[in-house]
Structure formats: structure tokens, C-alpha cells
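Summary of the model geometry
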Amino acid sequence: CHFLFQSWLLPARSWELMIEGNEDHFGEDLALDEETANEILGYLVTNSMENAASWNKRARKMLRGLPSTPPASITELSYIKKKHRKIKAKVLERESIKTLSNCVACHTRADRGKYDDDNVKIPKK
């Protein structure tokens, strides 16, 4: 498994597609029964980017640059790409980071939904 992303990081349609295709979740089968899938989806949609935009400034900013085709992952969002554009590929390849989707590697409070620059510490290795 991976870090549990906050639901406001993606729009509702992205979450819908992800749960509909849960047998191939980035190469893994989530093996969700229908009741569980519906419960998870209900939470994700209720708290999705567009529904969180009224109270979450970052969700509001990300919503502005949202493409017409729903992104399949958070790293596809133009907002995320722009915020990380100066990070060199070699940094992302570090053993402790490995991928841009590993938010908690650098964002020390990502588990609490805090992604401000003040809480960023890029690992050396």
C-alpha cells in the first residue's frame, strides 16, 4: 500500500474512475467488494477537490487548472507539476523518495494534509 492521499487532491470523476477500475489500481488488485467500494467512493466524492474548494485554498487553486479529462493520478495535475518543476529527476530517484507520488518523503506533515513549503525537507539519500 501507499500513503493515504487526502480526497481533496483529486476531482470526483478521478475517484470514480479509480474505484471503478479497482482491479487494476496502479498494477494492484484492491479486491474491493461492491459495498466497500461504494462506501469508499462515497467518502472520496463527498470530499473531492470540487467539494473541498469552498474551504480548502489549495483545492481551489488545483481546480482552476483542471483538465477536461480527469487525471488518473495526483502527479498528473498541472498544479502539482508546476510546484515540483524545479526538482531534478536525480532527486526523485533517491532511495528515500523514488517517485513524485511519495509525498511524505519530503512533505513532513503530508499525512495531515499540510503541504506548505515550511514543512518540506528533501532527504539527502
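Anything mentioned here points back to the structure above.
Residues numbered from 1 in each chain as written. Predicted model: local features only at pLDDT ≥ 70, side-chain atom pairs only at ≥ 80, totals over all residues. Heavy atoms only, no water.

Bringing the overall build of the protein chain into the picture now. Helix and strand counts for the protein chain come out as 6 helices and 0 strands. Listed by position from the N terminus, the elements making up the protein chain come as α-α-α-α-α-α. Seen through its C-alpha atoms, the protein chain measures out along the principal axes to roughly 45 × 35 × 25 Å. Burial statistics for the protein chain: of 125 residues in total, 34% are counted as buried. Long-range contacts, defined here as pairs at least 24 residues apart, represent 53% of the contacts in the protein chain between residues at least 6 apart. Of the roughly 8,500 Å² that the protein chain leaves accessible, carbon and sulfur atoms contribute 52%. Across the protein chain, 21 positive and 18 negative side-chain charges occur, with their mean positions spaced 18 Å apart. (Helix = DSSP H or I, 4+ residues; strand = E, 2+ residues; numbered from the N terminus. Buried < 20%, exposed > 50% of the residue type's maximum accessible area, 1.4 Å probe, protein only. Contact = heavy atoms within 4.5 Å. Areas by Shrake-Rupley, 256 points an atom, 1.4 Å probe, with all protein chains shown as cover. Lys, Arg positive; Asp, Glu negative; His and termini not counted. Charge placed at Lys NZ, Arg CZ, Asp CG, Glu CD.)

Spacing of three or four residues puts side chains on the same side of an α-helix, whose turn is 3.6 residues. Three or more residues of helix 1 (residues 12–20) are buried, namely A12, S14, W15, M18 and I19. The buried side chains of helix 1 occupy one side of the element, clustering within an arc of 160 degrees when seen end-on. Where helix 1 is buried, its residues touch helix 2 (34–46) and helix 3 (49–52). (Arc of directions from axis to C-beta.)

Turning next to the packing of aromatic side chains. Here the distance between the centres and the angle between the planes together describe a pair of aromatic rings. Using the criterion set out here, one finds 1 aromatic pair in the structure. Plain terms: the ring middles of W8 and Y115 are 6.0 Å apart, the flat faces sit at 85 degrees to each other, and that makes the pair edge-to-face. Of the two residues, W8 sits in the segment before helix 1 while Y115 sits in the segment after helix 6 (89–92), which places them 107 residues apart along the sequence. By the burial criterion, W8 is buried, and Y115 matches it. (Phe/Tyr/Trp six-rings, centres within 6.5 Å; stacked < 30°, edge-to-face > 60°.)

It is worth spelling out the pattern of salt bridges at this point. According to the stated counting rule, one finds 4 salt bridges in the structure shown. Among the salt bridges present, the one from E20 reaches R13, with a minimum N-O distance of 3.7 Å. Overall, E20 belongs to the exposed group, its relative accessible area being 52%. K98 is the salt-bridge partner of E95, the closest N and O atoms lying 3.1 Å from each other. (Salt bridge = Lys/Arg side-chain N within 4 Å of Asp/Glu carboxyl O.)

Along the polypeptide, M18 turns up in helix 1. For the pair M18 and S73, spaced 55 residues apart in sequence, the C-alpha separation works out to 8.9 Å.

Here we come to the side chain of S73. Its place among the elements puts S73 in the loop between helix 4 (57–64) and helix 5 (78–83). There is a polar contact of 3.0 Å between the side chain of S73 and the side chain of T75. (Polar contact = N/O pair within 3.5 Å; in protein donor to acceptor, adjacent residues only side chain to side chain.)

Before going further, it helps to spend a moment on the nonpolar core. Ranked by internal contacts, the top residues of the largest apolar core, which has 21 residues, are W8, L9, M62, I74 and L77. Of all the elements in the fold, those that place two or more residues in this core are helix 1, helix 2, helix 3, helix 4 and helix 5. (Core = buried A, V, L, I, M, F, W, Y, C linked by side-chain atoms within 4.5 Å.)

What follows is about a positive patch on the surface. Residues K57, R60, K61, R64, K82, K83, R85 and K86 make up a contiguous surface patch of positive charge. Examining the composition of the positive patch, we find that 4 residues originate from one element, helix 4, more than from any other. You can see K83 is positioned in helix 5. (Patch = residues over 30% accessible without salt bridge, like charges linked within 9 Å, V, L, I, M, F, W, Y side chains within 5 Å.)

Keep in mind these numbers describe shape, not what the thing actually does.
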